[in-house]
Amino acid sequence: MRAFYWLALVFATIPLGFGWASLGHGSAPMGFGMWTVGGWVVVSRITLLLAGEEAPWSKDLAMRVQNVKNISESDQSCCSMPSPHWEVTAIRCITCGKILLNEARPDLGRPRSDGKIKGLIRLLLTDGKPVVVSSEDESDDSEE
Ligand SMILES: [Zn+2]
């Protein structure tokens, strides 16, 4: 998934290249549109890189999620019938309600009730990052 995330930079050069050719020799509005789309992807990836942020679904996150699953299947589980579910703000055990991992769920473009077009726009704006802040992050902010 992370490779695909950064591969978007490579694919963004295709509309950038065709847009350049279209601006010079073909339809200017078409070229401008291609530049806008390709430029959006390149700028969003580069700003993330400069900010030192990972893709919203990192290997580190996957390891922490797997760790929650391992603990729930071991003797140290939260209750006798552990059933961890990744809710919007955290991974919580459905049986006992205990929060197992305070990590907001990344938005991977699941089908939602708001339809494909609104969902696509939301995914473009958030770039797959969770919209809500996990309660752990909120408490960090209040301490500052
Ligand atoms: Zn439990």
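Every value quoted in this text rests on a predicted model; they were computed, and no experiment measured them. Think of each chain on its own: its residues are numbered from 1, step by step along the sequence as written. Totals for whole chains, interfaces and linings use all residues, but because this is a predicted model, local features are given only for residues with pLDDT of at least 70 and pairs of side-chain atoms are given and counted only at 80 or more.

Asks: Sorry, what's going on with the overall build of the protein chain here?
Replies: Labels follow the DSSP assignment, with helices taken as runs of H or I lasting at least four residues and strands as runs of E lasting at least two, numbered in each case from the N terminus. When helices and strands are counted, the protein chain shows 5 helices and 3 strands. Along the protein chain, helices and strands appear, N-terminal first, in the series α-α-α-β-β-β-α-α. Put plainly, a residue is buried at 20 or more neighbouring C-beta atoms within 10 Å of its own, exposed at 12 or fewer, and partly exposed in between, counting only other residues' C-beta atoms, which are placed from the backbone. Counting every position in the protein chain, which comprises 144 residues, the buried fraction comes to 8%. Note on contacts: each residue gets a C-beta atom placed from the backbone, and two residues are in contact if those atoms are within 7 Å. If you take every contact in the protein chain between residues at least 6 apart in sequence, the share linking residues at least 24 apart comes to 39%.

Asks: I'm lost on helix 2 (residues 28–51) in this one. Help?
Replies: In an α-helix, one turn spans 3.6 residues; hence positions three or four apart end up facing the same way. Taking 1.5 Å per residue as the helical rise, helix 2 with its 24 residues ought to reach 34 Å, and the 34 Å between its terminal C-alpha atoms agrees with that figure. For helix 2, every residue scored as buried is listed here: Gly31, Met34 and Gly38. One or two steps after helix 2, the chain reaches Gly52, where phi turns positive at roughly 75°. Here the expected span of a helix is defined as 1.5 Å times the quantity of residues minus one.

Asks: I keep staring at the sheet that holds strand 1 (residues 84–86) and nothing clicks. Help me out?
Replies: Strand pairing within a sheet occurs via backbone hydrogen bonds; the two strands may be parallel or antiparallel. The 3 strands lie next to each other as 1-2-3, forming an open sheet whose pairing is antiparallel. Here the strands that pair on one side only, and so sit at the sheet edges, are strand 1 and strand 3 (99–101). On average, adjacent strands in this sheet sit at an angle of 35° to one another, irrespective of strand direction. Structural elements are reduced to axes, namely lines fitted to C-alpha atoms, with helices fitted over the stretch in contact, and the angle between N-to-C directions of any two is expressed from 0 to 180 degrees. In this fold helix 3 (residues 59–73) packs onto strand 1, strand 2 (91–93) and strand 3, with an angle of close to 135° to the strand it touches most, strand 3. Between any two strands, at least two bridges found by DSSP are needed for them to pair.

Asks: Looking at this structure, I do not really get helix 3. What am I missing?
Replies: Between its first and last C-alpha atoms helix 3 spans 21 Å; for 15 residues at 1.5 Å apiece the expected length is 21 Å, and the two agree. Among the 15 residues in helix 3, 0 count as buried, and that is only a small part of the element.

Asks: Sorry, what's going on with the confidence of the model for the protein chain here?
Replies: Any region with low pLDDT has predicted coordinates that should not be read closely. In this model, the protein chain carries a mean pLDDT of 78, and residues with pLDDT of at least 70 account for 85%. A residue's pLDDT is the confidence the predictor assigns to it, expressed on a 0 to 100 scale. When mean pLDDT is compared element by element in the protein chain, strand 2 scores highest at 91, while helix 5 (residues 135–143) scores lowest at 46. Taken together, the stretch residues 137–144 has pLDDT below 50 and engages in 1 contact with residues farther than four places along the chain or on a different chain.

Asks: Help me out: how do you make sense of the environment of Arg64 in this one?
Replies: With respect to the helices and strands, the residue Arg64 is situated in helix 3. For Arg64, a count of 13 C-beta atoms within 10 Å translates into the label partly exposed. Residues Arg64 and Leu101, 37 residues apart in the sequence, show an inter-C-alpha distance of 8.1 Å. If near-sequence neighbours (up to four positions away) are discounted, Arg64 is found in contact with Leu101 and Glu103.

Asks: I would appreciate a short explanation of the environment of Val42 in the present structure.
Replies: Residue placement: Val42 occurs in helix 2. Taking the C-alpha atoms as reference, Val42 lies 9.8 Å from Trp6; in sequence the two are 36 residues apart. If we ignore the near neighbours within four places in the chain, the residues touching Val42 are Leu9 and Ala12.

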